Amino acid sequence: MFITGIINLLMAGMLLKGSKAYWQYAVYYRTRLLTALWIGVFGLGYILHGIFMWRYTWPTAASALTVSYFHLGAICFSWGYTTLLKPNYLTHRIIARDSLYFFIGLLVYWTVALLWKYEPTLTLLSYCMYFLYAAWIVFVFYQTYNQVSSRLLRLSYGNVMDFVRWMQVCCDLIVLFGICSVIITGIFPTDFWPYTLLLIAGVCMFAFISYSLNKYGATIETTTEATKKVTMKYENI
């Protein structure tokens, strides 16, 4: 846990350090910052699991901690990656809505933890807050992705094939990891071996995201201009 947590914090630091060169590209710059926050919070979560070992002594708290940083990660995904496709997606209304829902989610997750030390059924029920939000942002993302990617390719605006492929692969992995990990955590609240596999898978996924974000920076001018033009032309996206 400590090793994976430290690796995550190092990756978050590298993303932050490399973000300074892209400050003029507001959407991409924000995505890098949100991804660094996301990876860093996961790293801190791993370290807290290692320090307190709640999975053995207080399973509901361990589950609440896990779903808390996964929920924050879902917000970072929505605000960062959907906005890469649709630059005008992130509005004050969406920020307020997601922040309020996250606050309510934290109340639900940690109320179960504070009232019971081991309560698998209520823990799984509390996870519905996360799964409802995850299902919604995944629907919005893929709806936006399908519309924008098809129009980018149809317009043949510059070399955007790498961008389209990267978004598909990267975000498929994020969604798969985000949903499956919470399901597995809920099914095995006190077992350590599934969590070990998730730690390793998480580090590999975050390493791929960090690599992909840096590679995306190489085509930032073309893809930024392309997504802006598509969004302006198709305001109903």
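Structure's up top.
Residues numbered from 1 in each chain as written. Predicted model: local features only at pLDDT ≥ 70, side-chain atom pairs only at ≥ 80, totals over all residues. Heavy atoms only, no water.

S.K.: I'd love a proper account of the layout of surface pockets, names of residues and values included.
M.R.: As a volume, the second largest pocket reaches approximately 160 Å³. Lining the second largest pocket we find Leu173, Leu176, Phe177, Cys180, Ser181, Ile184, Leu198, Ala201, Cys204 and Met205. Within the residue set of the lining of the second largest pocket, elements represented by two or more residues are helix H8 (161–187) and helix H9 (193–216). For the lining of the second largest pocket, the class distribution of residues is 9 nonpolar, 1 polar and no charged. (1 Å grid on protein atoms, 1.4 Å probe; cavity = no way out; pocket = protein on both sides within 12 Å on 5 of 7 lines; lining within 4 Å. Points joined across faces, edges and corners; volume = space filled by probe spheres on them. Helix = DSSP H or I, 4+ residues; strand = E, 2+ residues; numbered from the N terminus. Nonpolar A, V, L, I, M, F, W, Y, C, P; charged D, E, K, R; others polar.)

S.K.: Pulling in residues and values, what's your account of the packing of helix H2 (residues 26–52) against helix H4 (residues 59–85)?
M.R.: Interaxial distance between H2 and H4 falls to 9 Å at its minimum, and their mutual angle equals 170 degrees. Viewed along their axes, H2 and H4 adopt a mutual orientation that is roughly antiparallel. Residues that form the contact of H2 with H4 fall into these classes: 19 nonpolar, 8 polar and 1 charged. (Axes fitted to C-alpha atoms, helices over the stretch in contact; angles between N-to-C directions. Parallel < 35°, antiparallel > 145°, perpendicular 65-115°, else oblique.)

S.K.: Before we move on, can you summarise the packing of H4 against H9 with the specific residues and values?
M.R.: Their axes nearest at 15 Å, the elements H4 and H9 cross at an angle of 20 degrees. Our classification of the angle between H4 and H9 gives roughly parallel. For the pair H4 and H9, the sense of crossing is left-handed. Along the contact surface, H4 presents Thr66, Tyr69, Tyr81 and Leu84, while H9 presents Tyr195, Ile209, Leu213 and Tyr216. A per-class count over the contact of H4 with H9 returns 7 nonpolar, 1 polar and no charged. (Left-handed = near helix turned anticlockwise from the far one by under 90°. Contact = heavy atoms within 4.5 Å.)

S.K.: Tell me about the pattern of salt bridges, and please be specific about residues and values.
M.R.: Pairs can form between side chains of opposite charge whenever their charged atoms are close. In total, this model carries 1 salt bridge according to the counting rule given. In this structure, the salt-bridge partner of Asp98 is Arg97, at a minimum N-O distance of 2.8 Å. (Salt bridge = Lys/Arg side-chain N within 4 Å of Asp/Glu carboxyl O.)

S.K.: Could you give an account of the environment of Ile6, with specific residues and numbers?
M.R.: Locating Ile6 in the fold gives a position in helix H1 (residues 2–19). Taking the relative accessible area as the measure of exposure, Ile6 reaches 47% and is therefore partly exposed. Each C-alpha atom of the pair Ile6 and Gly40 lies 9.0 Å from the other, and the pair is 34 residues apart in sequence. (Buried < 20%, exposed > 50% of the residue type's maximum accessible area, 1.4 Å probe, protein only.)

S.K.: Tell me about empty space enclosed by the protein, and please be specific about residues and values.
M.R.: Evaluation of the coordinates by the stated rule reveals 6 cavities of 30 Å³ or more. Empty space within the largest cavity amounts to approximately 140 Å³. If you trace the largest cavity, you find 16 residues lining it, with Ala74, Tyr130, Ile174, Val175 and Gly178 closest to the centre. Residue assignment for the lining of the largest cavity shows that the elements contributing at least two residues are H2, H4, helix H7 (128–155) and H8. In terms of residue count, H8 provides more of the lining of the largest cavity than any other element does, 5 residues in total.

S.K.: Break down H1 for me, with residues and values.
M.R.: With 18 residues, H1 should reach 26 Å at 1.5 Å per residue; the first-to-last C-alpha distance of 26 Å fits that figure. Contact partners of the buried residues in H1: H2 and H9. (Expected span 1.5 Å × (residues − 1).)

S.K.: Report on the packing of aromatic side chains, specifying residues and quantitative values.
M.R.: What the rule picks out here adds up to 22 aromatic pairs. For the pair Phe77 and Tyr81, a centre-to-centre distance of 5.6 Å together with 20 degrees between the ring planes defines the contact as stacked. One end of the pair is Phe77 and the other is Tyr81, both in helix H4 and 4 residues apart, which spans about a single turn. Using a relative accessible area of 3% as the deciding quantity, one classes Phe77 as buried. Their ring planes at 75 degrees and their centres at 6.4 Å tell us that Phe177 and Phe206 sit as a pair that is edge-to-face. (Phe/Tyr/Trp six-rings, centres within 6.5 Å; stacked < 30°, edge-to-face > 60°.)

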